[in-house]
Structures are given as structure tokens and as C-alpha cells.
Amino acid sequence: MLLCCEDLVVGYNGKPMLPGINLQIRRGTFLSVIGRNGSGKSTWFKTLLGMLPPVSGCVERTSERVKSAYVPQTSGIDALLPVRSSELVQWGRLNGWNFLWPFAKKQDRHTVRAALESAGATIIANRPYRDLSEGQKQRALLARVLATEADFVLLDEPTASMDAVAERETMQRLSELTKGPRKLAVVVVSHDLEVAAEFSDQILFVDKDAPAIVLGDPKTVFCHPAFRHKYGDDYCPVHPRAHPPLPGNPLGPTAG
Ligand SMILES: Nc1ncnc2c1ncn2[C@@H]1O[C@H](COP(=O)(O)OP(=O)(O)OP(=O)(O)O)[C@@H](O)[C@H]1O
Ligand SMILES: [Mg+2]
């Protein structure tokens, strides 16, 4: 186990926003956080990271050495900063960097290259960050997180500006990292329920009006009455609606 929330209540100025959260983040797990706009997902993230004090309860790391990396919903990186994407990713390796020897070590250069490749960002590595499209910026930021040696990564809507193919590739890559030798723990906020259903081991559904948070495997969460109440049956990705074939559609089930 890397991190644990015990009866954690989050909110601003001492006012609770969500019911208490009890959960453990373990190595090798992929947890998606879902909920409607303004439901408190980013607030929970900020509390996990210590950027916001809990209203009550606590967040505990199992060891001081557990390292986390975070990509906020809107990046704080100054878009006017004239850095190349590869330099931005290099910042993810700053641990151990010093002014007397300000050049990247060979191992670091290799890690940066691999992170850029993993994030599908090699092609933009030499372009100034400020000139990238929003989806390309998200790829560069993802590469920066992958270049760190974090035990778990928290990503707040990391694929919101990506095209559908890039989004799936990103989630696929993150999922591979959870199952590979690194056993990364991934916690990701996403509004794409289909993608969350496909890649997550666990889903956390948060909602201000629900009596309790809902945590479980995708099927459990998407069938839960609290989720259904907020999203309705049409948005449940584990029971996709059967779309009747269009008239004359040769690919319809009656073809052939
Ligand atoms: N600094 C703040 N002080 C008080 N309330 C805040 C503050 N920041 C956000 N809020 C409020 O907290 C609520 C939850 O916000 P939060 O950003 O956590 O939602 P979210 O689930 O991440 O939404 P989205 O899907 O739109 O990103 C919102 O009603 C928001 O207005
Ligand atoms: Mg948010």
C-alpha cells in the first residue's frame, strides 16, 4: 500500500463537500475518479497531495519515500515560457540536478526519451511548449510525469483535450505501466466513462448529494443507484444501449 485515506472529508474553509472517503492506493492499480462537474474530484486530489487541509480525517503515506507526481487539471506551466517539450520533460528528472554539473546524465537522457515515446510526444520534443496545441501540451505534460520516478501518479483530466485515439493510447499506456515491472499506481480523473470502464481496476464515484462515496470495480459503480441517479441509464458504459441498425445498413446483424 502506498497511500491511505481514513474517513477523509474534503472541502473548503472547514465546510465538508463530500461524504467521508476510506480507500487505499496500492501499487499496480488503476483507479479512475468520476463525477459530474463541480462534484469535488479536483478538491479530493488537492487534499491527497497536501495542497488543501482535510476538513476531518487524514491522508497517510506508508513511507516518507513514497513519491507522487501530479498533473493538475489546468497546467500551471507558463505558456509564454520558451522551453522545448523535451526540456519540460527533463524537469521531471531534476532530482539530483545541480548548478555545478547542469547537464543531464546519460541515464536521464534515456529516461526522457523513453517518456516522450511512451506519451506519443517524440514528434513534438523539439517544438516550443507554448506553440503546441492543447492536446499536444497534455502529451508533453504526461511525458514529464512518466519521466519522474514516482510510485504513483495523479492525473486530473489528462486527456481532456486529446483526440479519441490519443486518449485511448494514453490510458492504455498508463494501464500497461500499472501492470508492468514498475507497478505504478495511477489515479486519474476522467469524464470518459467508456475509457474508465475499460482500463480501471477500481472506480471512485464522487457526488456532493450522495449519502456516501461509491468505490468498486467498474460494473459495481456503474450499476450503483447513486451513479444512475446522477447520470441516468443512458451513460452506463457496462450496459451499452443496443443501437438498432440503420435502414439498409449492410453491416447490420441481418446482413449476410
Ligand atoms: N478555492 C475554493 N474555495 C471554495 N470553493 C471552491 C474552491 N475551489 C473550488 N471550489 C468549489 O468546489 C466545488 C468542487 O470543485 P472541484 O474543482 O473539486 O470540482 P470537480 O469535480 O473537479 O469539477 P470538474 O469536473 O468541473 O473539474 C465547486 O463547486 C467549486 O466551485
Ligand atoms: Mg476538476
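## So, the nonpolar core
Within soluble globular proteins, side chains that are nonpolar generally end up buried alongside one another.
Right, on to step 1. By size, the foremost hydrophobic cluster in this structure holds 33 residues, and its most contacted members are Val153, Leu155, Leu174 and Val186.
Right, on to step 2. Put simply, the parts of the chain that give this core at least two residues each are strand 7 (68-71), helix 2 (85-91), helix 3 (106-118), helix 4 (134-147), strand 8 (152-156), helix 5 (164-179), strand 9 (185-189) and helix 6 (193-199).
Right, on to step 3. A per-element tally of this core places helix 4 first, with 7 residues.
Right, on to step 4. Two domains share this core, each providing at least three of its residues, namely domain 1 (1-67 + 150-256) and domain 2 (78-149).
Right, on to step 5. In contact with leucine 155, other than residues within four places in its own chain, are Phe45, Val71, Leu142, Val145, Leu174, Val186, Val187, Val188 and Val189.
Right, on to step 6. Of all hydrophobic cores here, the second largest spans 26 residues; its members include Leu8, Val33, Val66 and Tyr70.

## Here's the deal with the coordination of the magnesium ion (ligand 2)
Right, on to step 1. Around the magnesium ion (ligand 2), the protein contributes the donor atoms Ser42 (OG) and Gln73 (OE1), at 2.1 to 2.2 Å from the metal centre. Separated by 31 residues along the polypeptide, serine 42 in helix 1 (residues 41-48) and glutamine 73 in the loop between strand 7 and helix 2 bring together distant segments of the chain.

## Topic: the side chain of serine 85
Right, on to step 1. With respect to the element layout, serine 85 can be found in helix 2.
Right, on to step 2. If we ignore the near neighbours within four places in the chain, the residues touching serine 85 are Ile124, Ala125, Arg127, Tyr129, Leu132 and Ala140.

## Concerning the sheet that holds strand 1 (residues 3-9)
Across a sheet, strands are paired by hydrogen bonds formed along the backbone, either parallel or antiparallel in direction.
Right, on to step 1. Strand order in the open sheet formed by 3 strands is 4-1-6, and the pairing between neighbours is antiparallel. Two strands in the sheet have a free side with no partner beyond their single neighbour: strand 4 (21-25) and strand 6 (56-61). The average angle at which neighbouring strand axes cross in this sheet is 5°, direction not considered.
Right, on to step 2. The pairing of strand 1 with strand 4 spans 4 bridges and is classified as antiparallel. Residue pairing in the sheet places leucine 8 in a bridge with isoleucine 21 of strand 4.
Right, on to step 3. This element, helix 1, spans strand 1, strand 4 and strand 6 of the sheet and lies at about 120° to strand 1.

## Thoughts on the sheet that holds strand 11 (residues 214-216)
Right, on to step 1. Strand order across the open sheet formed by 6 strands is 7-8-9-5-10-11, with mixed pairing between neighbours. Among the strands making up the open sheet, the edge pair consists of strand 7 and strand 11. Averaged over all adjacent pairs, the angle separating strand axes in this sheet is 10°, with direction ignored.
Right, on to step 2. With respect to the sheet, helix 5 is in contact with strand 5 (30-34), strand 8 and strand 9, its orientation differing from that of strand 5 by roughly 135°.

## Side note on the confidence of the model for the chain
Right, on to step 1. On average, residues of the chain score 84 in pLDDT, and 86% of them reach the 70 mark or higher.
Right, on to step 2. Model confidence for the chain, summarised as mean pLDDT per element, is weakest for helix 2 at 81 and strongest for strand 5 at 97.
Right, on to step 3. Per-residue pLDDT stays below 50 along residues 96-103; that stretch engages in 1 contact with residues further than four places along the chain or on separate chains.
Right, on to step 4. Ignoring residues within four places in sequence, the model shows residues 249-256, a span with pLDDT below 50, making 3 contacts including any to other chains.

## A closer look at the site of ligand 1
Right, on to step 1. Lining the immediate environment of ligand 1, one finds 14 residues, of which Gly38, Lys41, Ser42, Thr43 and Gln73 sit closest.
Right, on to step 2. In the environment of ligand 1, an oxygen atom lies 2.5 Å from a nitrogen or oxygen atom belonging to the side chain of threonine 43.
Right, on to step 3. In the complex, the protein chains occlude 61% of the 640 Å² of accessible area that ligand 1 would expose alone.
Right, on to step 4. Top contributing element to the shell around ligand 1 by residue count: helix 1, with 3 residues.
Right, on to step 5. Classifying every residue of the shell around ligand 1 gives 2 nonpolar, 8 polar and 4 charged.

## Section: the packing of aromatic side chains
What describes a pair of aromatic rings is the distance from one ring centre to the other and the angle between the planes of the rings.
Right, on to step 1. Counted according to the given criterion, the structure contains 6 aromatic pairs.
Right, on to step 2. Note on phenylalanine 45 and tyrosine 70: the rings are 6.3 Å apart at their centroids and 65° apart in plane angle, and the pair reads as edge-to-face. Taken together, the residues phenylalanine 45 in helix 1 and tyrosine 70 in strand 7 connect sequence positions 25 residues apart.
Right, on to step 3. The exposure class of phenylalanine 45 is buried, given its relative accessible area of 0%.
Right, on to step 4. A centroid spacing of 6.1 Å and a plane angle of 65° characterise the contact between phenylalanine 205 and tyrosine 231, whose relative ring orientation is edge-to-face. Here phenylalanine 205, found in strand 10 (residues 202-205), pairs with tyrosine 231, found in helix 8 (residues 225-231); they are 26 residues apart in sequence, far enough to count as distant. Comparing phenylalanine 205 with tyrosine 231 shows no difference in burial state: the two are buried.
Right, on to step 5. Here the aromatic cluster, defined as three or more aromatic residues joined through ring pairs, consists of Phe205, Phe222, Phe227 and Tyr231.
Right, on to step 6. Sitting above the plane of the tyrosine 129 ring, lysine 137 keeps its charged end 5.7 Å from the centroid.

Criteria and cut-off values
Residues numbered from 1 in each chain as written. Chains lettered and ligands numbered in written order. Predicted model: local features only at pLDDT ≥ 70, side-chain atom pairs only at ≥ 80, totals over all residues. Heavy atoms only, no water. Core = buried A, V, L, I, M, F, W, Y, C linked by side-chain atoms within 4.5 Å. Buried < 20%, exposed > 50% of the residue type's maximum accessible area, 1.4 Å probe, protein only. Helix = DSSP H or I, 4+ residues; strand = E, 2+ residues; numbered from the N terminus. Domains from an automatic or database assignment. Contact = heavy atoms within 4.5 Å. Donors = N, O, S within 2.8 Å, 3.2 Å for Na, K, Ca; no water. Pairing = 2+ DSSP bridges. Axes fitted to C-alpha atoms, helices over the stretch in contact; angles between N-to-C directions. pLDDT = per-residue confidence, 0-100. Near = heavy atom within 4 Å. Polar contact = N/O pair within 3.5 Å; in protein donor to acceptor, adjacent residues only side chain to side chain. Areas by Shrake-Rupley, 256 points an atom, 1.4 Å probe, with all protein chains shown as cover. Nonpolar A, V, L, I, M, F, W, Y, C, P; charged D, E, K, R; others polar. Phe/Tyr/Trp six-rings, centres within 6.5 Å; stacked < 30°, edge-to-face > 60°. Lys NZ or Arg CZ within 6 Å of the ring centre and 35° of its normal.

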